[in-house]
Amino acid sequence: METIALPGIHTPNQLYIENLYRRFPDPKTGLPQTVLENVDLRVNPGEFVSIIGPSGCGKSTLLRICLGADLGYEGNVIINGKPVQFPDSTRGLVPQKYGVYPHLTVLKNVLIGLELKYPIWYRMTHKKELRAQAMEYLNDVQLAEHADKYPYQLSGGQQQRVSIAQTLVTGPGMVFMDEPFGALDQSTRERVQVFMLQLWEKHKMTVFFVTHDIGEAVYLGTRLILLSQYYVDDRGDVDEKGNPLRRGAKIITDIPLTGTALPTKVKGEKSFIEIVRSIAEGPGFKPDHREHVRDFNLAHSNSFQTLTALEDKTGNGNGRLKKMEEQMIRGG
Amino acid sequence: METKKIRIPLFFGMHAEPGQLLSICAGALPFIILIAGYLYLSHERNLSNPDEKLMPTPAKIVTAFNQVAFKADVKTGDTIFWHDTGVSLRRLGYAAIISSVLALWFGMNLALFKGMNALCMPLLRFSSLVPPPILLPVLFLTVGVEEASKVVIIVISIAPAMTLAVYGTVSKMAGEQITRSFTLGATQLDVIYRILLPQVLPRLIEILRTSLGMAWYSLILAEAIAASSGIGYRIYLVRRFTQMDVIIPYALWVVVLGYAMNYILGLILDKCYPWYSKQKEN
């Protein structure tokens, strides 16, 4: 696993992951069990990356690693040109639950993002401005009239909107969302989705959006990543004792999604339904539908793949990487 | 066709829904039976023996209570009852404050700092399993039989359990919420003092509330064995003269005090932390 230095990975709000492995000890045997296996990913500023995958494939683990909340990984994770740091305000997080502080009112929940950002003398002298700024974000999430309520007085969808406002008010260049709308009912969910897109158009941050809803992923993202442990490679399907080989998840699909203009992305449209169906029925979602590592659909222009000699005995897989390197050198 | 709605039983069975009035009456019934039984028995016993001490009549109890509550003691000049109450409450109060501070400080440290956890957790788990009465003789030998030993015995008996409860609360809160706070730009001090502490305080009050029973238990025990004043001391002292007419009002008084403390702490919780109990309901 030698490191390959690629040019152009040091711009702000860019994510670059290469040869990422994450192993956890198996609770029963104590042997290391691979959750993420040789993951390569490059994301440019401003992309809206939807991440999907079968349950237990390590979507949340990948997010935690990018946030700096899990440092037990192997490989390279470069964010903002540096190896991933402890969690800080450059990377926002919107979790599925417990996003808001129960002991603060709605306004204070948003305000605390600003208060934590500025030193105390600035806070004391700019009380009004900070308040106004927080109110502006509350307006954006249409919760201005609930400013003085406590979270327990709000519905799940409203709480999640507070959580989003709280994250965005700090102005992070990257936002990581871990199934943020998973606990919401369908109609609330659709409203918050539209709202999320509006915020993204406005702030142009890089978004990593984990979801188990393919429709949601296709609707929101500019790029779709399917993370899955269901694939085959040249190591064969069983280990030396004849047990089926358990592999860590890889990115097995990485495709651009049509355009960012809202009106064309109508959920009822035929092409939309077609994409969702092809992904749902495609490889990687079920254990019995597997694709070879060489045949992954990595059509996105930022996508690359570094395979080890064991995974790909022909050595053809690395051709993709070489091609991209050439492109980058030529294109600058 | 049958159109009549089924009737919900009032009292018996799992479907029963006793109304408010019935609930109050039902709750009062055991008390009424107890009191009536006592009155009857004490009346019978007093008829056959005017010097009856085991079950004094209400009149005798009131006389005895007047004696201890409103007449100054010849030796000290204090009224015994109020003096005992003051002494016991002071011991209890000190112990509650010390235990709360210890539980908060250790509980949060144990939950947030893995190094602290490694250092202190085994000792805490060990000490929470030692029955406090076993430590009484040790304490009297080392700390002495002064005021401090009574406070210390209460602290020893409630602080470990309270610490573990705070630890559990903070551990559950930690994790995701801490990561999220850091992503909002919080420093480590911010996380502890602005995010976690305000959420732990109401829980601490609740933990203290549930620990009060144990605290009273230890207080009475310590006072019974080595003290010269206090409610526990008094009850054990008059037991030697079979003065049930003093023991009964003292026992009732402890109940009243315990109820009042519980009520006041509940009031503080509702007034200062309105979000706390509501949030638990959701």
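A quick note: this is a predicted structure, and the numbers were derived from the prediction, not measured.

**Focus: the overall build of chain A**
Here is step 1: Looking only at helices and strands, chain A features 9 helices and 10 strands.
Here is step 2: Sorting the 332 residues of chain A into buried and exposed places 52% on the buried side.
Here is step 3: Here the contacts in chain A between residues at least 6 apart in sequence split such that 70% fall between residues at least 24 apart.
Here is step 4: Within the structure as shown, chain A displays about 15200 Å² of accessible surface, and the carbon and sulfur contribution to it stands at 53%.

**Describing the pairing of strand E2 (residues 32–43) of chain A**
Residues and elements named next belong to chain A.
Here is step 1: Counting buried positions along E2 gives 10 out of 12 residues, so the element sits mostly inside the fold.
Here is step 2: Judged from the 8 bridges that link them, strand E1 (residues 15–25) and E2 form a sheet pairing that is antiparallel. By the bridge assignment for E2, Pro25 is matched with Pro32.
Here is step 3: Linking E1 to E2, which pair antiparallel, is a turn of 6 residues; within it Gly30 sits at a positive phi near 80°.

**Digging into the sheet that holds E2(A)**
All names here are of chain A.
Here is step 1: Taken together, the 4 strands give an open sheet; going across it, the order is E2-E1-E4-E5, and neighbouring strands pair in antiparallel fashion. Either end of the sheet is taken by a strand with one partner, and the two such strands are E2 and strand E5 (82–83).
Here is step 2: Here E1 pairs with strand E4 (residues 74–79) via 5 bridges, running antiparallel. Across the sheet, Ile17 pairs through a bridge with Val77, a residue of E4.
Here is step 3: Sitting on the sheet, helix H1 (residues 59–67) touches E1, E2 and E4, and the angle it makes with E1 is about 120°.

**Overview of unusual backbone geometry**
Residue and element names in this part refer to chain A.
Here is step 1: Look at Asn38: it is not a glycine, yet its phi comes out positive at around 50°.
Here is step 2: If you trace the backbone, Asn38 turns up in strand E2.
Here is step 3: For Lys204, which is not glycine, the phi torsion reads 55° and is therefore positive.
Here is step 4: Among the secondary structure elements, Lys204 is positioned in the loop between helix H6 (186–203) and strand E8 (206–210).
Here is step 5: A residue is classified by how much of its surface remains accessible, and Lys204, at 48% relative accessible area, is partly exposed.

**Overview of the domain arrangement of chain A**
Residues and elements named next belong to chain A.
Here is step 1: Per the domain assignment, the segments of chain A are domain 1 (15–90 + 177–331) and domain 2 (97–171).
Here is step 2: The interface is formed by 13 residues belonging to domain 1 together with 9 residues belonging to domain 2.
Here is step 3: Summed over both partners, the interface of domain 1 with domain 2 buries about 970 Å², with 71% contributed by carbon and sulfur atoms.
Here is step 4: Where domain 1 touches domain 2, the interface holds 1 salt bridge.
Here is step 5: With a shortest N-O distance of 2.8 Å, Asp140 and Lys202 are connected by a salt bridge.
Here is step 6: Taken together, the connections running from domain 1 to domain 2 amount to 2 residue pairs in polar contact (both at pLDDT 80 or more).
Here is step 7: In terms of residue count, H6 provides more of the side of domain 1 that touches domain 2 than any other element does, 8 residues in total.
Here is step 8: Across the side of domain 1 that touches domain 2, the residue classes break down as 9 nonpolar, 2 polar and 2 charged.

**A closer look at the side chain of B:Arg234**
Residues and elements named next belong to chain B.
Here is step 1: Looking at the secondary structure, you find Arg234 in helix H9 (residues 231–239).
Here is step 2: Judged by relative accessible area, Arg234 falls into the buried class, the value being 12%.
Here is step 3: Excluding its chain neighbours within four sequence positions, the residues that come into contact with Arg234 are Ile80, Asp84 and Tyr250.

**So, the sheet that holds E8(A)**
Residues and elements named next belong to chain A.
Here is step 1: Taken in spatial order, the 6 strands line up as E6-E7-E8-E3-E9-E10 in an open sheet, and their pairing is mixed. Both outer strands of the open sheet, strand E6 (91–94) and strand E10 (250–256), are each paired with one neighbouring strand and no more. Strand after strand, the sheet turns through a mean of 15° between neighbouring axes, direction not considered.
Here is step 2: With 5 bridges joining them, strand E7 (residues 174–178) and E8 adopt parallel strand pairing. Its bridge partner being in E8, Phe176 is matched across the sheet by Phe208.

**Details of the packing of aromatic side chains**
Here is step 1: On inspection of all chains with the given rule, the structure shows 18 aromatic pairs over all chains.
Here is step 2: When the ring of A:Phe176 is compared with that of A:Phe208, the centres are 4.8 Å apart and the planes differ by 10°; the resulting orientation is stacked. Taken together, the residues A:Phe176 in strand E7 and A:Phe208 in strand E8 connect sequence positions 32 residues apart.
Here is step 3: Exposure remark for A:Phe208: the relative accessible area of 1% places this residue in the buried category.
Here is step 4: Plain terms: the ring middles of B:Trp275 and B:Tyr276 are 5.9 Å apart, the flat faces sit at 85° to each other, and that makes the pair edge-to-face. In this pair, the class of B:Trp275 matches that of B:Tyr276, namely buried.
Here is step 5: Each member of the aromatic cluster is reached from another via a ring pair, and the members are B:Phe65, B:Phe70, B:Phe81, B:Trp82, B:Tyr250 and B:Trp253.
Here is step 6: In this structure, A:Arg22 is placed above the aromatic ring of A:Phe24, and the distance from its NZ or CZ to the ring centre is 4.0 Å.

The rules behind these values
- Residues numbered from 1 in each chain as written.
- Chains lettered and ligands numbered in written order.
- Predicted model: local features only at pLDDT ≥ 70, side-chain atom pairs only at ≥ 80, totals over all residues.
- Heavy atoms only, no water.
- Helix = DSSP H or I, 4+ residues; strand = E, 2+ residues; numbered from the N terminus.
- Buried < 20%, exposed > 50% of the residue type's maximum accessible area, 1.4 Å probe, protein only.
- Contact = heavy atoms within 4.5 Å.
- Areas by Shrake-Rupley, 256 points an atom, 1.4 Å probe, with all protein chains shown as cover.
- Pairing = 2+ DSSP bridges.
- Axes fitted to C-alpha atoms, helices over the stretch in contact; angles between N-to-C directions.
- Domains from an automatic or database assignment.
- Buried area = accessible area lost by both parts, 1.4 Å probe.
- Salt bridge = Lys/Arg side-chain N within 4 Å of Asp/Glu carboxyl O.
- Polar contact = N/O pair within 3.5 Å; in protein donor to acceptor, adjacent residues only side chain to side chain.
- Nonpolar A, V, L, I, M, F, W, Y, C, P; charged D, E, K, R; others polar.
- Phe/Tyr/Trp six-rings, centres within 6.5 Å; stacked < 30°, edge-to-face > 60°.
- Lys NZ or Arg CZ within 6 Å of the ring centre and 35° of its normal.

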